[in-house]
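# Observations on the model geometry
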Amino acid sequence: YFKRLNLKVTATLAANLHEPEMAVMVERTKLKSTFSSAINQRADELERIARDILNHPESGYREIRTGKLVADWFRENSFEVQTGVAKTGVVSTLDTGKLGPHIAVMGELDSLIVPGHYHADSETNAAHACGHHAQIGSMLTVAAGLTKAAVTEGLVGKVSFMATPAEEYIELEYRESLLENDEIEFFGGKQELIKLGFFDDIDIAMLTHTGGETAGTLGVGGSNNGMIGKTVQYIGKAAHAGGSPHLGVNALNAAHLGLAAVHAQRETFKDTDTVRVHPIITKGGAAVNSVPADVRIETYVRASNVPAILNTSEKIDRAFRAGALATGAEVRITTNPGYLPSKYSEPLTEIYRHNAGSLIGDDNVIELQHSTGCTDMGDVSQIVPTIQPTANATSGNGHGVDYVVENYDLAVIKAGKAMGMTVIDLLADGGKKGQRIAGAFSAPMTINEYLSRMRAFRSDVTYSE
């Protein structure tokens, strides 16, 4: 295929480009061909690693085994490795030794908690019901192709491979305990990496997620909601539920009223803001014969823009306070920074689109729409030009018991090739394309502004009568 591509490119360029331009394009095609061949020789190994991670899922900030597996692979392939980054993350950087752009290629280490999933851990119920194991596989695919000296000799700059923890914003009480112990500040792994300085000299970032849209395609573009996370604790008074309930204050009744008040807000949400609020009760009381005195709720407040997130957050706090006021309970509402809305780079998307099309055909590269789901790639997209394409290689419903990767060639190998070929475009020819993308990017905020914005989301208030 690449021989045919090389002949086609050479003929086309000869007819339309000046000789120096043609030489650059031909050289870039050769680099991509060598890169792809190197990956083909290791495709089984790369898929095996992804499946290994699938069969040993770990949730956010607990990815000890997964992080070690990734770190060991980088060491075995002669990469320098940093471990324990943001508690469980791994960062490995390939430096060409030549000045140029610095690109982050990322994958996510963590799983969800999905009881009943076919690949769920029997003790923890952790399961890769979002395909993060394939993300790590595609990230390692890029690295595997770049181990070839014949490829890196034609590039400038650096590529940092970031295996990031805790993208799934779950187990909020656990993460609050990590915050209280000064082990983390933010609940999302990429946020921690930003705070720790790992993005201070990054110019461009990319990650490929799995998806369930048209099977066999790669998706580009799109956007995502942002969100904040809340934990709510209703504090009542215990009493005998049968003998003297009148002496108690029922925190569960307070929670029910608070949840009803949340539902009463839904008609006030503007459709264009794509607001989503979806609370769960994580603790409903201590014993059936005691008036519940400690009831806890976790919820997100999602929306497509920060003003809508803040406006909705105020409404949700009022609703939860109403439940406490009606019953005489206290309510503690803790709000933590979640993820910012994403906006992916159009110029970077176009470079990726071309490479994806060369692998699977232009007709199989589809345009993504706005997603009401959230990701901390949104945070990255606020400070550097970013893309998060999807490899539509799954069946079932995302985050559900039936969500599985069916096509590992697409989700791991071709997804990695498309990213790696994009890296080559950005760093070949003295890094001119990478410099152009980075130089033209107007960041919505600096890193310091980003950190200030995120910290401003945090609050912890207890309301009583």
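Structure report, in brief. Small disclaimer: the values here were computed from a predicted structure and weren't measured.

Moving on: the sheet that holds strand β16 (residues 386-387). Ordered in space as β1-β2-β6-β3-β7-β16, the 6 strands form an open sheet in which the pairing is mixed. The outermost strands of the open sheet, each flanked by one partner alone, are β1 (80-85) and β16. Sheet analysis places strand β3 (residues 102-108) next to strand β7 (residues 204-207), joined by 4 bridges and oriented parallel. Within β7, the position partnered with Met-106 by the bridge is Leu-207. Most of the contacts of helix α5 (residues 132-146) go to β3, to which it runs at about 145°, and overall it touches β2 (89-95), β3, β6 (158-164) and β7.

Moving on to the pairing of β1. Alignment of β1 against β2, held across 5 bridges, turns out to be antiparallel. Across the sheet, the residue bridging to Thr-83 is Val-90, located in β2. Hairpin connection of β1 to β2: 3 residues between the antiparallel strands, including Ala-86 at a positive phi of 55°.

Taking burial as the measure, the 7 residues of β6 include 6 buried ones, the bulk of the element. Across 7 bridges, β3 lies against β6 in parallel orientation. For His-102, the partnering residue across the bridge sits in β6 and is Lys-158.

Next up on the list: helix α4 (residues 64-76). Along its 13 residues, α4 runs 18 Å from first to last C-alpha, staying within 8% of the 18 Å computed at 1.5 Å per residue. Three or more residues of α4 are buried, namely Thr-66, Gly-67, Val-70, Ala-71, Trp-73 and Phe-74. What you see down the axis of α4 is that its buried residues fit within an arc of 155°, all on one side. Exposed side of α4, more than 90 degrees from the buried face: Ile-64, Lys-68 and Glu-76 are the residues found there. The secondary structure elements touched by the buried residues of α4 are α3 (43-54), β1, β2, α5 and β6.

Conventions adopted
- Residues numbered from 1 in each chain as written.
- Predicted model: local features only at pLDDT ≥ 70, side-chain atom pairs only at ≥ 80, totals over all residues.
- Heavy atoms only, no water.
- Pairing = 2+ DSSP bridges.
- Helix = DSSP H or I, 4+ residues; strand = E, 2+ residues; numbered from the N terminus.
- Contact = heavy atoms within 4.5 Å.
- Axes fitted to C-alpha atoms, helices over the stretch in contact; angles between N-to-C directions.
- Buried < 20%, exposed > 50% of the residue type's maximum accessible area, 1.4 Å probe, protein only.
- Expected span 1.5 Å × (residues − 1).
- Arc of directions from axis to C-beta.

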